[in-house]
Amino acid sequence: MLFCLFSVSLTFAQQLDFVDFKRVEALVVFNQFAVDSTVYNSYEVDFKIKSATDSIYLDAVGMRFKHVALNNTAVTYKNDGKHLIIYKDFKSNELHTLSFVFFSAPKKAMYFLGWENEAKNQIWTQGQGKYTSNWLPSIDDVNDKIEFDLSFVAPNGYDVISNGKLTSKTESARSTLWEYNMQNPMSSYLVAVVVGKYNKKVEVSNSGIPLSYYYYPEDSLKVEPTYRYSKQMFDFLEEEIGVVYPWQNYKQIPVHDFLYAGMENTSATIFSDAFVVDAIGFNDKNYVNVNAHELAHQWFGNLVTAKSSEHHWLQEGFATYYALLAERQVFGLDYFYFKLYESAQDLGKQDIAGVGTSLLNPKASSLTFYQRGAWVLHALRDKVGDVIFKQAVQNYLKKYQFKAVETVDFISEVETLAEQNLADFVNVWLVQKEFPFDAAVGVLKKQSEHIQEYIMVDCEAKTSKCEDYLKYYVSDEAKAKVIAQMPQLVTKTVFNNGLKVRQAISEHVAKIPVSLKLDYESLLEDESYITIENALYNLWVNFPLERSKYLSKTKNVSGFNDKNVRLLWLVLNLNTPEYQSDKKQAVYNELVSYTGVAYNADLRRSAFEYLDVIKGCEEQCKSNLETAKSHHNWRLVKFAKQLAEKLAQNKE
Ligand SMILES: [Zn+2]
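Everything quoted here is computed from the prediction, not taken from an experiment. (Residues numbered from 1 in each chain as written. Predicted model: local features only at pLDDT ≥ 70, side-chain atom pairs only at ≥ 80, totals over all residues. Heavy atoms only, no water.)

Caption draft 1: Region of the structure containing helix H13 (residues 449-456). Every buried residue of H13 is accounted for by His450, Ile451, Glu453 and Tyr454. Relative to the axis of H13, the buried residues are bounded by an arc of 160° and lie together on one face. Turning to H13, the residues buried within the fold contact helix H7 (333-352), helix H12 (437-447) and helix H15 (476-485). Two or three places before histidine 450, at the opening of H13, serine 448 has a side-chain oxygen 3.2 Å from that residue's backbone nitrogen. (Buried < 20%, exposed > 50% of the residue type's maximum accessible area, 1.4 Å probe, protein only. Helix = DSSP H or I, 4+ residues; strand = E, 2+ residues; numbered from the N terminus. Arc of directions from axis to C-beta. Contact = heavy atoms within 4.5 Å. Polar contact = N/O pair within 3.5 Å; in protein donor to acceptor, adjacent residues only side chain to side chain.)

Caption draft 2: Up close: the environment of serine 506. Inspection of the secondary structure puts serine 506 in helix H16 (residues 499-508). For serine 506, the residues in contact, after removing those within four places along its chain, are Tyr520, Leu523, Thr531, Asn534, Ala535 and Asn538. Polar side-chain contacts of serine 506 include one of 3.1 Å to the side chain of asparagine 534.

Caption draft 3: Spatial organisation of the layout of surface pockets. In this structure, the second largest pocket spans a volume of roughly 1000 Å³. Considering the residues around the second largest pocket, the lining is formed by 29 residues, among which Tyr335, Phe338, Lys339, Glu477 and Lys500 are closest to the centre. At the level of elements, helix H4 (279-284), helix H6 (313-331), H7, H13, H15 and H16 are the ones that each hand at least two residues to the lining of the second largest pocket. Grouping the constituent residues of the lining of the second largest pocket by class yields 11 nonpolar, seven polar and 11 charged. There are two domains that each give the lining of the second largest pocket at least three residues, and those are domain 2 (304-452) and domain 3 (503-649). (1 Å grid on protein atoms, 1.4 Å probe; cavity = no way out; pocket = protein on both sides within 12 Å on 5 of 7 lines; lining within 4 Å. Points joined across faces, edges and corners; volume = space filled by probe spheres on them. Nonpolar A, V, L, I, M, F, W, Y, C, P; charged D, E, K, R; others polar. Domains from an automatic or database assignment.)

Caption draft 4: Spotlight on the coordination of the zinc ion. Within the first shell, the zinc ion binds the protein through His293 (NE2), His297 (NE2) and Glu316 (OE), at distances of 2.0 to 2.1 Å. Mapping the donors of the zinc ion onto the primary sequence yields the spacing H-x3-H-x18-E. Here histidine 297 is found in helix H5 (residues 288-297), whereas its partner glutamate 316 is found in helix H6, with 19 residues between them in sequence. Neither residue differs from the other here; histidine 297 and glutamate 316 are each classed as buried. (Donors = N, O, S within 2.8 Å, 3.2 Å for Na, K, Ca; no water.)

Caption draft 5: Quick peek at the environment of glutamate 527. Here glutamate 527 is to be found in the loop between helix H17 (517-521) and helix H18 (529-542). Separated by 248 residues in the primary sequence, glutamate 527 and alanine 279 have C-alpha atoms spaced 8.4 Å apart. Setting aside residues up to four positions removed in sequence, glutamate 527 forms contacts with Ile280, Asn283 and Leu499.

Caption draft 6: Structural view of the packing of helix H20 (residues 564-574) against helix H21 (residues 584-593). It is the contact of H20 with H21, at a shortest axis distance of 10 Å, that shows an interaxial angle of 145°. Remark: the crossing between H20 and H21 carries left-handed chirality. Each of Arg566, Leu567, Leu570, Val571, Asn573 and Leu574 in H20 lies in contact with H21, whose residues at this interface are Lys584, Val587, Tyr588, Glu590 and Leu591. Broken down by class, the residue content of the contact of H20 with H21 amounts to seven nonpolar, one polar and three charged. (Axes fitted to C-alpha atoms, helices over the stretch in contact; angles between N-to-C directions. Left-handed = near helix turned anticlockwise from the far one by under 90°.)

Caption draft 7: Summary view of H20. Taking burial as the measure, the 11 residues of H20 include 10 buried ones, the bulk of the element. Turning to H20, its buried residues are Asn564, Val565, Arg566, Leu567, Leu568, Trp569, Leu570, Val571, Leu572 and Asn573. On its buried face, H20 sits against H18, helix H19 (547-553), H21 and helix H22 (601-613).

Caption draft 8: Examining the domain arrangement of the chain more closely. For the chain, the domain assignment lists domain 1 (1-100 + 130-181), domain 2 (304-452) and domain 3 (503-649). Here domain 1 and domain 3 have C-alpha centroids that lie 48 Å from each other.

Caption draft 9: Expanded view of the pairing of strand S4 (residues 63-70). Pairing geometry for S4 and strand S8 (residues 95-104), over six bridges, is antiparallel. Following the sheet pairing, leucine 70 is matched in S8 by leucine 98. Where S4 meets strand S5 (residues 73-74), two bridges bridge the pair, whose relative direction is antiparallel. Note on S5: the bridge partner recorded for alanine 69 is alanine 74. Hairpin geometry of S4 and S5 is characterised by an intervening segment of two residues between the two adjacent antiparallel strands and by a positive phi of about 50° at asparagine 71. (Pairing = 2+ DSSP bridges.)

Caption draft 10: Expanded view of the pattern of salt bridges. Following the criterion strictly, the structure yields 26 salt bridges and no others. The closest approach of N and O atoms between aspartate 89 and lysine 91, which form a salt bridge, is 3.0 Å. Taking the relative accessible area as the measure of exposure, aspartate 89 reaches 52% and is therefore exposed. Take lysine 91: its relative accessible area is 42%, and that puts it in the partly exposed class. Salt-bridge contacts for arginine 502 lead to aspartate 526; the nearest nitrogen and oxygen are separated by 2.9 Å. (Salt bridge = Lys/Arg side-chain N within 4 Å of Asp/Glu carboxyl O.)

Caption draft 11: Summary view of the side chain of glutamate 240. Turning to its location among the elements, glutamate 240 is positioned in helix H3 (residues 230-241). The exposure class of glutamate 240 is buried, given its relative accessible area of 7%. Dropping the residues within four chain positions of it, glutamate 240 is found in contact with Tyr322, Leu325, Arg381 and Lys390.

Caption draft 12: Up close: the confidence of the model for the chain. Confidence in the prediction of the chain, expressed as mean pLDDT, is 94, and 96% of residues score 70 or more. With pLDDT under 50 throughout, residues 1-11 is counted as low confidence; its partners more than four residues away or in other chains account for one contact. (pLDDT = per-residue confidence, 0-100.)

Caption draft 13: Broad picture of the packing of helix H8 (residues 366-384) against H12. Closest axis-to-axis distance for the H8/H12 pair is 11 Å, and the angle between their directions is 55°. One element, H8, and the other, H12, form an angle in the oblique class. For H8 against H12, the interelement crossing comes out left-handed. Each of Trp375, His378 and Asp382 in H8 lies in contact with H12, whose residues at this interface are Ala440, Val443, Leu444, Lys446 and Gln447. Classifying every residue of the contact of H8 with H12 gives four nonpolar, two polar and two charged. (Parallel < 35°, antiparallel > 145°, perpendicular 65-115°, else oblique.)

See the structure below:
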């Protein structure tokens, strides 16, 4: 038995040496819609034998197959539940076409939302790590890059968005056939499809690439703030990276209850609709960074792909760094250096907590892969200079395009151009366990007076000048730092600062002196839903006689997509007997309704938390808590299980 296990894993691990899959042409029918039960999922893949073998396989989890044929002739195959294995005496250099009909009912990787109650009616996929094979036969190994030309049948009235270019759309009585075409190969984890009801806005990049911004029909007013700077950042990154955007177009699609912030599927980034914001929401929680990050992946990750998780930083570190460069272009140098300073601090804290690792450890934290990876590039650029750095990145991308890469592939491009041995640099910045915090801060101090000032302004080190810092000119970040350290120093004049300083007041000044009451009340009108939420709560607590006034003033504010202000407002309303005394039942019902399946996971979770705090999770809330346990978002599931257990224990 040991022998069998060994030989099977050996076969599955080394297939890349024997076969190269070239092109997949597949039709996927969403018969969950009961579109047409006579149309089936069909699949065709061309491959080349690299060296003789007695079998080849596709990854295909929990599927059934029919009409399996090799070059149009029936062939011996086996379905072991995870693979479709084809047996034949394959000789090297042979070209073959495998075709079949398949049936899949994916338990992960493809998510169906709102089918029960038609609240959202979306389908979307998440292929990374190795999940695409749950809905589409493919190759879990990232090193085999395939051209995917996918078609879909979906009911009329829905949009279908996938990788590549839409070449035709054929509408029949009940359903529409959408045909997409790619020109270049990619790893299977980057395959994606979204089905939903969308409008879109299209711009064209300076280089002629169509940029499509998808949005829900009801969100037309949020298109501008959500996608702000998209074209500017696209043009900037193409210029900065120095290699033309490698795909036919670029589409960005928000979806409901996504598992992450965003996912860089080739030419079709999917992102969480929590980032769909209005002009006020933009100030606190915008899509700019995620937008640039997923875009940068179209080169770093999709064009060149890390061979294994040991080299994961070649994707996340690069995407994080180039997103920061794009943000530098939009928000300026001070912003850029401050973000780098924050990430150095986070990495330093991680080491102090004893959980830091080498960047090349396949089990490194996200913080390490993303932020330390970005730091490697910032420090390397500082060491070898802009010109060499940019040229090396270009050479690296061109040499390894549509291939898989390792850390040494990138480093040796830099070494060649810089005519330097980078072994010591690699050891300090990538290999050693500890993040070189002092060296990182040294780089920043050399580059930025803004950071020098921020470090100097420290009320924990010396308190004498702190009042002055709030009065005179230091940066908003430095003022916010003083307010966090010594909130008692806030005076009327401090309110005359910008959004971020005022936000710091709302966060740190919880006990409001009567002399600051009027100024504090003005925070309720700031263009920040975080500030409004904090200020409403603090004012309500500090001035009980004015509660009705504060509630009345904020009754039309909803907040972010998780309705942060509205939820607080409902709870405070329930705790203010004199305000809207005849409407308490309706207010309570609204709060409970947000725990329901129609709403996004973050909103449901906050609503459950508030109901728990006010001991108001009764029948409807409890029943919604049960359904939350089977949600696809594991964070909500974990939360729901814990809360249900807690409620069961405190019955009385
Ligand atoms: Zn990423």
